[in-house]
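# Summary of structural features
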Amino acid sequence: MSSARPAYWLRARRALAATDPTLAGIISAHPRVALASRGDAFVTLARSIVGQQISVKAADAVWGRFCTTCTDLTPRSVLRRRATTLRACGLSDRKVEYIRDLAAHFVSGRVDPARFPEQDDEQIIEELTDIRGIGRWTAEMFLIFNLLRPNVLPLDDLGLLRAVSIHYFDGEPVAGRESRERVLDLGRRWAPWRSVATWYLWRSLDPVPVEY
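All values reported here derive from a predicted model rather than from experimental measurement. (Residues numbered from 1 in each chain as written. Predicted model: local features only at pLDDT ≥ 70, side-chain atom pairs only at ≥ 80, totals over all residues. Heavy atoms only, no water.)

### Examining the side chain of Asn 146
- By secondary structure assignment, the location of Asn 146 is in the loop between helix 9 (136-145) and helix 10 (158-168).
- Engagement of the side chain of Asn 146 in a polar contact is seen with the side chain of Thr 44, the distance being 2.9 Å. (Helix = DSSP H or I, 4+ residues; strand = E, 2+ residues; numbered from the N terminus. Polar contact = N/O pair within 3.5 Å; in protein donor to acceptor, adjacent residues only side chain to side chain.)

This is the structure:
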């Protein structure tokens, strides 16, 4: 599959480095990596459901069997498969329900990728979290990694909170509403490039980029 760096990436890097010395150091340490989008909306979300609460290795194995069973990875194709067939891929009963609900949302048009360019982040989050098994964090990861939205601050992401603790709060754990408010306040200086700031803070913990 092809991947593409966001058109705004270099502009965002320069803006963040100019306003935040901590990020400037992290950005300079990772000069040749960037956020990239891979896959279509349905496949990205289906894979996120498959991977919930299991190891990466187990998720890859289940996803491989799922792709073999559903050779045409479209919502209509998935809906045509029996629940027993999907369970045979290694999916739990609950995940079968989640993936079928995801497919039904796409088939009915309740979620329509063609509308995404016209919708703001919160509208898309609201649509996606109407799907069983998809919470706000998953929706925010979709905005960042699939739609390449530039200004997402995922306050429930443990990696982001850990990096903020290390780089901005002298290792003080980020927990509770008051701490989250501090992260939100910190994020205001990164707007309108909060996704980019988050991505570089992830790199400070793990230099190898993750792609969804």
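That shown, we press on.
### Notes on the layout of surface pockets
- If you add up the space inside the second largest pocket, you get close to 160 Å³.
- Lining the second largest pocket are 13 residues, and of these Glu 122, Arg 136, Glu 140, Leu 153 and Arg 194 lie nearest its centre.
- Grouping the amino acids of the lining of the second largest pocket by side-chain chemistry returns 6 nonpolar, 1 polar and 6 charged. (1 Å grid on protein atoms, 1.4 Å probe; cavity = no way out; pocket = protein on both sides within 12 Å on 5 of 7 lines; lining within 4 Å. Points joined across faces, edges and corners; volume = space filled by probe spheres on them. Nonpolar A, V, L, I, M, F, W, Y, C, P; charged D, E, K, R; others polar.)

### Digging into helix 12 (residues 194-205)
- End to end, helix 12 covers 17 Å across 12 residues, agreeing with the expected 16 Å (1.5 Å per residue, within 8%).
- Every buried residue belonging to helix 12 is among Arg 194, Ser 195, Val 196, Ala 197, Thr 198, Trp 199, Tyr 200, Leu 201, Trp 202 and Arg 203, and all of these are buried.
- Where the residues of helix 12 are buried, they touch helix 1 (9-19), helix 2 (21-29), helix 9, helix 10 and helix 11 (176-188). (Expected span 1.5 Å × (residues − 1). Buried < 20%, exposed > 50% of the residue type's maximum accessible area, 1.4 Å probe, protein only. Contact = heavy atoms within 4.5 Å.)

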